[in-house]
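Each chain, letter by letter, is given below.
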Amino acid sequence: MYPSTEDLLKIRDSKPVDARAFAAVNADPELWAEIKRLAEVKDALQALPMLKPPSEAWVKIAAASESHPVPSSHWLLRGAIAATAALAAILLVMSSSEGPQTPLPSTTVAEVIGPGESGWNIARGLATPTYTSLVAESARLERQLNEIGYKPRLIRAGTATTITGLEDQISLIDAQLMYSRVNGLQPGQAEELQRTRVDLMNALLKVHHAHAQRFGF
Amino acid sequence: METMGTKVPEIDQALVVNACRGNREAHSRLYELCAPMVYTLARRMLTSPAMAEDILQETFIEVIRKIDTYRGDAGFGFWVRRIAVNKCLMHLRSAWSSRRVDMELSDVVCPRTEGKQVEKQIILERALAELPETSRVVVWLHDVEGYTHKEIGQMMSRTTSFSKSQLARAHERLRIILSGECPEDEEQICTPVLKTY
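Residues numbered from 1 in each chain as written. Chains lettered and ligands numbered in written order. Predicted model: local features only at pLDDT ≥ 70, side-chain atom pairs only at ≥ 80, totals over all residues.

1. Re the overall build of chain A
- Within chain A, the secondary structure is distributed over nine helices and zero strands.
- Counting from the amino terminus, helix and strand elements in chain A follow one another as α-α-α-α-α-α-α-α-α.
- Among the 217 residues that make up chain A, the fraction classed as buried is 26%.
- For chain A, the share of sequence-separated contacts (at least 6 apart) that also reach a separation of at least 24 residues comes to 75%. (Helix = DSSP H or I, 4+ residues; strand = E, 2+ residues; numbered from the N terminus. Buried ≥ 20, exposed ≤ 12 C-beta atoms within 10 Å, placed from the backbone. Contact = placed C-beta atoms within 7 Å.)

2. Structural notes on the overall build of chain B
- Looking only at helices and strands, chain B features eight helices and zero strands.
- Along chain B, helices and strands appear, N-terminal first, in the series α-α-α-α-α-α-α-α.
- Out of the 197 residues in chain B, the part that is buried amounts to 42%.
- The long-range share in chain B, meaning contacts at least 24 apart out of those at least 6 apart in sequence, stands at 65%.

3. Details of the interface of chain B and chain A
- Of the residues lining the interface, 45 residues belong to chain B; the matching set on chain A comes to 34 residues.
- Sorting the residues of the side of chain B that touches chain A by element identifies helix H2 (24-46), helix H3 (49-66), helix H4 (76-93), helix H5 (115-130), helix H6 (133-144) and helix H8 (160-179) of chain B as the ones contributing at least two each.
- Among the elements that line the side of chain B that touches chain A, the one with the most residues is H3 of chain B, at eight residues.

4. Focus: H2 of chain B
- Taking the largest bend as the criterion, H2 of chain B deviates by roughly 50°, centred on Cys34 of chain B, and proline Pro36 of chain B comes between one and four positions later.
- Just downstream of H2 of chain B lies Thr47 of chain B, where phi reads positive at about 70°. (Bend = angle between axes of the 7 residues up to and from the residue.)

5. Here's the deal with the nonpolar core
- If you look at the biggest cluster of nonpolar residues, it comprises 57 residues, and the most contacted ones within it are Val38, Ala42, Ile55 and Ala84 of chain B.
- Sorting the residues of this core by element identifies helix H1 (5-12) and helix H3 (29-46) of chain A together with H2, H3, H4, H5, H6 and H8 of chain B as the ones contributing at least two each.
- Per element, the largest residue contribution to this core is twelve residues, and it comes from H2 of chain B.
- Val38 of chain B has contacts with Ile55, Leu56, Thr59, Val80 and Ala84 of chain B, leaving out every residue within four places of it along the chain.
- By size, the runner-up hydrophobic cluster in this structure holds 14 residues, among which are Leu134, Leu172, Val198 and Met201 of chain A. (Core = buried A, V, L, I, M, F, W, Y, C linked by C-beta atoms within 7 Å.)

6. Concerning the packing of H1 of chain A against H3 of chain A
Residues and elements named next belong to chain A.
- Relative orientation of the contacting elements H1 and H3 amounts to 65°, with a least axis distance of 9 Å. In terms of their interaxial angle, H1 and H3 are classed as roughly perpendicular. The crossing of H1 and H3 is right-handed. Taken together, the residues of H3 that come into contact with H1 (itself represented by Leu8, Leu9, Ile11 and Arg12) are Leu31, Glu34, Ile35, Leu38 and Ala39.
- Its residues placed into classes, the contact of H1 with H3 shows seven nonpolar, no polar and two charged. (Axes fitted to C-alpha atoms, helices over the stretch in contact; angles between N-to-C directions. Parallel < 35°, antiparallel > 145°, perpendicular 65-115°, else oblique. Left-handed = near helix turned anticlockwise from the far one by under 90°. Nonpolar A, V, L, I, M, F, W, Y, C, P; charged D, E, K, R; others polar.)

7. Considerations on the packing of H3 of chain B against H4 of chain B
All names here are of chain B.
- Closest axis-to-axis distance for the H3/H4 pair is 9 Å, and the angle between their directions is 130°. The pairing of H3 with H4 is recorded here as oblique in orientation. Relative to H4, the crossing made by H3 is right-handed. Touching Met51, Ile55, Glu58, Thr59, Glu62 and Val63 of H3 are Val80, Ile83, Ala84, Lys87, Cys88 and His91, all from H4.
- Residue classes in the contact of H3 with H4 are distributed as seven nonpolar, two polar and three charged.

8. Quick notes on the confidence of the model for chain B
Residue and element names in this part refer to chain B.
- For chain B, per-residue confidence averages 81 on the pLDDT scale, and 78% of positions sit at 70 or higher.
- Here residues 184-197 scores under 50 on pLDDT; set against residues more than four positions off or in separate chains, the count is 18 contacts.
- With pTM at 0.58, the complex prediction returns an ipTM value of 0.80. (pLDDT = per-residue confidence, 0-100.)

9. As for the environment of Gln194 of chain A
All names here are of chain A.
- Here Gln194 is to be found in helix H9 (residues 189-214).
- Here Gln194 falls in the buried class, since 23 other C-beta atoms lie within 10 Å of it.
- Ignoring anything within four residues of it in the chain, the contact list for Gln194 reads Tyr131, Leu134, Val135 and Ser138.

10. Overview of the environment of Arg43 of chain B
- Here Arg43 of chain B shows up in helix H2.
- Along the chain, Arg43 of chain B and Glu53 of chain B lie ten residues apart, while their C-alpha atoms are 8.4 Å from each other.
- With near-sequence residues (within four places) excluded, Arg43 of chain B lies in contact with Leu51 of chain A together with Pro49 and Ala52 of chain B.

11. Description of the environment of Val135 of chain A
- For Val135 of chain A, the location among the structural elements is in helix H7 (residues 131-147).
- Given 18 C-beta atoms within 10 Å, Val135 of chain A falls into the partly exposed group.
- When the C-alpha positions of Val135 of chain A and Glu191 of chain A are compared, they lie 9.1 Å apart, and in sequence the two are 56 residues distant.
- Setting aside residues up to four positions removed in sequence, Val135 of chain A forms contacts with Gln194 of chain A together with Ser157 of chain B.

12. Examining unusual backbone geometry
- A positive phi is found at Thr47 of chain B, a non-glycine position, where the angle reads about 70°.
- Positive phi outside glycine occurs at Ser157 of chain B, with the angle close to 55°.

13. A few points about the confidence of the model for chain A
All names here are of chain A.
- In this model, chain A carries an average pLDDT of 72, and 60% of its residues clear a pLDDT of 70 or more.
- Per-element confidence in chain A is highest for H1, whose mean pLDDT is 95, and lowest for helix H6 (residues 119-125), whose mean pLDDT is 42.
- Considering only residues more than four positions removed or in separate chains, one finds that residues 69-75, a stretch of pLDDT under 50, has six contacts.
- The low-confidence segment residues 99-126 (pLDDT under 50) makes 39 contacts with residues lying over four places distant or belonging to another chain.

Shown next as structure tokens:
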């Protein structure tokens, strides 16, 4: 048995390791040398210097923490939902004015709905998605968004505004989900936020794909 | 938890109590003590100075606003660090954040180190920055900050095995980058990561 890097790292960190892997390491000085090298890299990473934060950062933080009251989770939730509904309406108009759309490259929830259905309805149409499945769907859409290879140099102001709006709304949801870890949410609110996030991600993907198709990517 | 890498400062309980009461000087002092840790952590995980500054600001705004929720079950510095880590992960989860990565290594050199030591650190900084985001985050959280694979898996909404395999991948890539090898199928990891947005 030839030990994997994971096995070598376990030995480096004094964690339990498969006996056969340990025996193989014991019999091979090169593997010990590799473990030593891995330990040296770890030491070198830990020895990297601390960095000085920008000198003016505290002034901005102090000003921001004085001027903005703590946002209410209900306000954020309602804001996000309202914004989603508004953006879904905008996208509906955009999709009808941009002509027929070709399907997205891989199977998504968006593929199985008919033209004219909003993103909001997409998640509603799922068979009672759990919080975990919504998180997974959200992550999958993130990956899909990252995989879009084109880098537009020119973009219409309207499209740019839509993209920025969607991204801002997703940031808002992310912030709200973050705060929820500290403060907690009412039952169902986290699911509602994740569902909204999935809708927004779907909408963002649609915009990017529509733009990519228009420019022949 | 073992303290490594970005040093987690020890914070006096009286200072935390004063900060909880809204004392501005106490807030400022907490910032002075914790800011280098937060900024360093964010720079290592995200590589971008601009994004690291965003994280610094967002973290301390949250620390000040939520300080009354600190329950004292871990050191205050660890509480702050956890907020910063979560914010970094949140940034990385945002699809568009990866498009605004830039890299400036001019301010990464510790003024106390000189010569070859500096050179080695710069090489390591660059190698770390060239790792894929997920691998970089995992290697930093595990090898430097001392989080366990289980904790990392939970923070990233992934499994423990995912964290282990990412750590192994990170070290395999670091080995290639640091040795200057550039196999054909790994060409992308040997190219500069300087990106524009």
